[in-house]
Amino acid sequence: AQSVTQPDIHITVSEGASLELRCNYSYGATPYLFWYVQSPGQGLQLLLKYFSGDTLVQGIKGFEAEFKRSQSSFNLRKPSVHWSDAAEYFCAVGGPLFSGGYNKLIFGAGTRLAVHP
Amino acid sequence: EADIYQTPRYLVIGTGKKITLECSQTMGHDKMYWYQQDPGMELHLIHYSYGVNSTEKGDLSSESTVSRIRTEHFPLTLESARPSHTSQYLCASSDTYNEQFFGPGTRLTVL
């Protein structure tokens, strides 16, 4: 079955430190992959996406992610974290294998990021 | 910038009341979705629509119902609210592939 796993429920980093949030997926074909960010009380904002091509994708707010097919992973990275990056981060997978076609997304449980000054 | 709106943002209501959560988008997207999200938890799809007069139930069973009479509008209704319906409800829309744009959410509390 298709699924998304975010192994880290909470992560705390110091401001200015580097960040890596992990995402592993289970999918029977090449997936469409997404990272979303959710600030408290808000909806989700798309950070970046991968459909095909270059496996290193750049997103907004200085984030990037790398698709590694051999590891079924799509980890999110940022070289220097800012206090405003504190939020919940969701990895999601979509693609044509889902019933209903191309437009469904399966979300991971999220990783809550705290940033220490 | 995506333009998708949800009202109300917060709603506290008593058990047994009928409620409608509004969702509108101005992007002309055919596909719209409702998700339910408990605090600190993942999102669960409860309804989706591929166009006018098309609605389907999602992966998580829900007592709510939806309608899609106009492309831009996708309201969710609970005929009789219960405390178990307390949650955050997120509306989204998409055009191509799976890229979904989300509204700010409605936080519902049923007393």
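It should be noted that the structure appears before, not after, this text.
The sections below set out a description of the structure shown in this document. Within each chain, residue numbers correspond to sequence positions counted from 1 in written order. Throughout, the order in which chains and ligands are written sets their labels, letters from A for the former and numbers from 1 for the latter. Local features are withheld for residues below a pLDDT of 70 in this predicted model, meaning they are given only at 70 or higher, and side-chain atom pairs are given and counted only at 80 or more; totals for whole chains, interfaces and linings count all residues. Only hydrogens and water are set aside when side-chain values are computed; all heavy atoms of the structure are taken into account.

Things to note about the packing of aromatic side chains
Thinking step 1. Centres within 6.5 Å are what make two rings of Phe, Tyr or Trp a pair, Trp counting through its six-membered ring; a difference in plane orientation under 30 degrees is then read as stacked, over 60 as edge-to-face, and the rest as tilted. Tallied over the entire structure, the rule returns 14 aromatic pairs over all chains.
Thinking step 2. Ring geometry for F34(A) against F51(A): centres 5.8 Å apart, planes inclined by 75°, an arrangement best described as edge-to-face. Within this pair, whereas F34(A) is found in strand β5 (residues 32-38), its partner F51(A) is found in the loop between β6 (44-50) and β7 (56-58), the two being separated by 17 residues in sequence.
Thinking step 3. By way of ring pairs, the aromatic residues Y32(A), F34(A), Y36(A), F51(A), F107(A), Y33(B), Y35(B) and F102(B) are connected into one cluster.
Thinking step 4. Any Lys NZ or Arg CZ that is within 6 Å of a ring centre and within 35 degrees of that ring's normal is treated as a charge sitting over the ring. Geometry around F74(B) places R68(B) over its ring, the cationic atom sitting 5.9 Å from the centre. Strands are runs of DSSP state E lasting at least two residues, helices are runs of H or I lasting at least four, and both sets are numbered from the N terminus onward.

A look at the interface of chain A and chain B
Thinking step 1. Contacts between residues were defined by any pair of non-hydrogen atoms, one from each residue, lying within 4.5 Å. Listed as interface residues are 25 residues of chain A and, on the opposing side, 25 residues of chain B.
Thinking step 2. Once two parts are brought into contact, the accessible area they lose, counted with a 1.4 Å probe and summed over both, makes up the buried area. For the pair chain A and chain B, the two sides together bury roughly 2,000 Å², of which 48% comes from carbon and sulfur.
Thinking step 3. In what follows, salt bridge is the name for a side-chain nitrogen of Lys or Arg lying within 4 Å of a carboxyl oxygen of Asp or Glu. One salt bridge connects K49(A) with E99(B), and the closest N-O pair in it is separated by 2.5 Å.
Thinking step 4. Those elements that provide at least two residues to the side of chain A that touches chain B are β5, β6, β10 (87-94) and β11 (105-107) of chain A.
Thinking step 5. Top contributing element to the side of chain A that touches chain B by residue count: β5(A), with four residues.
Thinking step 6. Following the grouping adopted for this structure description, the nonpolar residues are Ala, Val, Leu, Ile, Met, Phe, Trp, Tyr, Cys and Pro, the charged ones are Asp, Glu, Lys and Arg, and the polar ones are all others, Gly among them. Its residues placed into classes, the side of chain A that touches chain B shows twelve nonpolar, ten polar and three charged.

Some words on the sheet that holds strand β7 (residues 65-66) of chain B
Residues and elements named next belong to chain B.
Thinking step 1. With antiparallel pairing, the four strands of this open sheet are ordered in space as β1-β3-β8-β7. Across the chains shown, the open sheet's two edge strands, defined by having one partner strand only, are β1 (4-7) and β7.
Thinking step 2. The pairing criterion is simple: DSSP has to find at least two bridges between the two strands. Both β1 and strand β3 (residues 19-25) contribute to a ladder of four bridges, which runs antiparallel. Residue Y5 lies in a different strand from β3, and its bridge partner there is S24.

Looking at the state of the cysteines
Thinking step 1. Our working definition of a disulfide is a cysteine sulfur pair at a distance within 2.5 Å. According to the stated counting rule, one finds two disulfides over all chains in the structure shown.
Thinking step 2. Each sulfur of the disulfide joining C23(A) and C91(A) lies 1.9 Å from the other. Around the S-S axis, the bridge from C23(A) to C91(A) shows a dihedral of about -65° and counts as left-handed. Placement of the pair is C23(A) in the loop between β3 (19-21) and β4 (24-26) and C91(A) in strand β10, with a sequence separation of 68 residues.
Thinking step 3. Look at C23(A) and you get buried, because its relative accessible area is 0%.
Thinking step 4. One disulfide in the model links C23(B) with C91(B); its S-S distance is 1.9 Å. The sign of the S-S torsion, about -75°, decides the handedness of the disulfide formed by C23(B) and C91(B): left-handed. Of this pair, C23(B) sits in strand β3 while C91(B) sits in strand β9 (residues 87-94), and the two are 68 residues apart along the sequence.
Thinking step 5. Accessibility here uses a 1.4 Å probe with only protein chains present; expressed as a share of the type maximum, an area under 20% marks a residue as buried, one over 50% as exposed, and anything in between as partly exposed. Among the residues examined, C23(B) registers a relative accessible area of 0% and is labelled buried.
Thinking step 6. For C91(B), a relative accessible area of 0% puts it in the buried group.

A short note on the nonpolar core
Residue and element names in this part refer to chain A.
Thinking step 1. By nonpolar core is meant a set of buried Ala, Val, Leu, Ile, Met, Phe, Trp, Tyr and Cys residues that side-chain atoms within 4.5 Å join together. Ranked by size, the top nonpolar core spans 27 residues in total, and within it L19, W35, L47, L48, F74, L76 and Y89 carry the most contacts.
Thinking step 2. Counting residues per element, this core draws most heavily on β10, which supplies four residues.
Thinking step 3. Setting aside anything within four residues of it in sequence, one finds L76 in contact with L19, E20, L21, W35, L47, L48, F63, E64, A65 and Y89.

So, the environment of L90(B)
Thinking step 1. Tracing the sequence through the fold places L90(B) in strand β9.
Thinking step 2. The spatial distance from the C-alpha of L90(B) to the C-alpha of I46(B) is 10 Å, given a sequence separation of 44 residues.

Overview of unusual backbone geometry
Thinking step 1. Geometrically, the link from T7(B) to P8(B) is a cis peptide bond, its omega value of -10° lying close to zero.
Thinking step 2. On the secondary structure map, P8(B) appears in the loop between β1 and β2 (10-13).
Thinking step 3. Positive phi outside glycine occurs at K61(A), with the angle close to 60°.
Thinking step 4. Relative to the helices and strands, K61(A) is located in the loop between β7 and β8 (64-68).
Thinking step 5. Phi is positive for S72(A), which is not a glycine, with a value near 50°.
Thinking step 6. Within the secondary structure layout, S72(A) lies in the loop between β8 and β9 (73-78).

So far we have only geometry, and geometry alone does not tell us how the molecule works.
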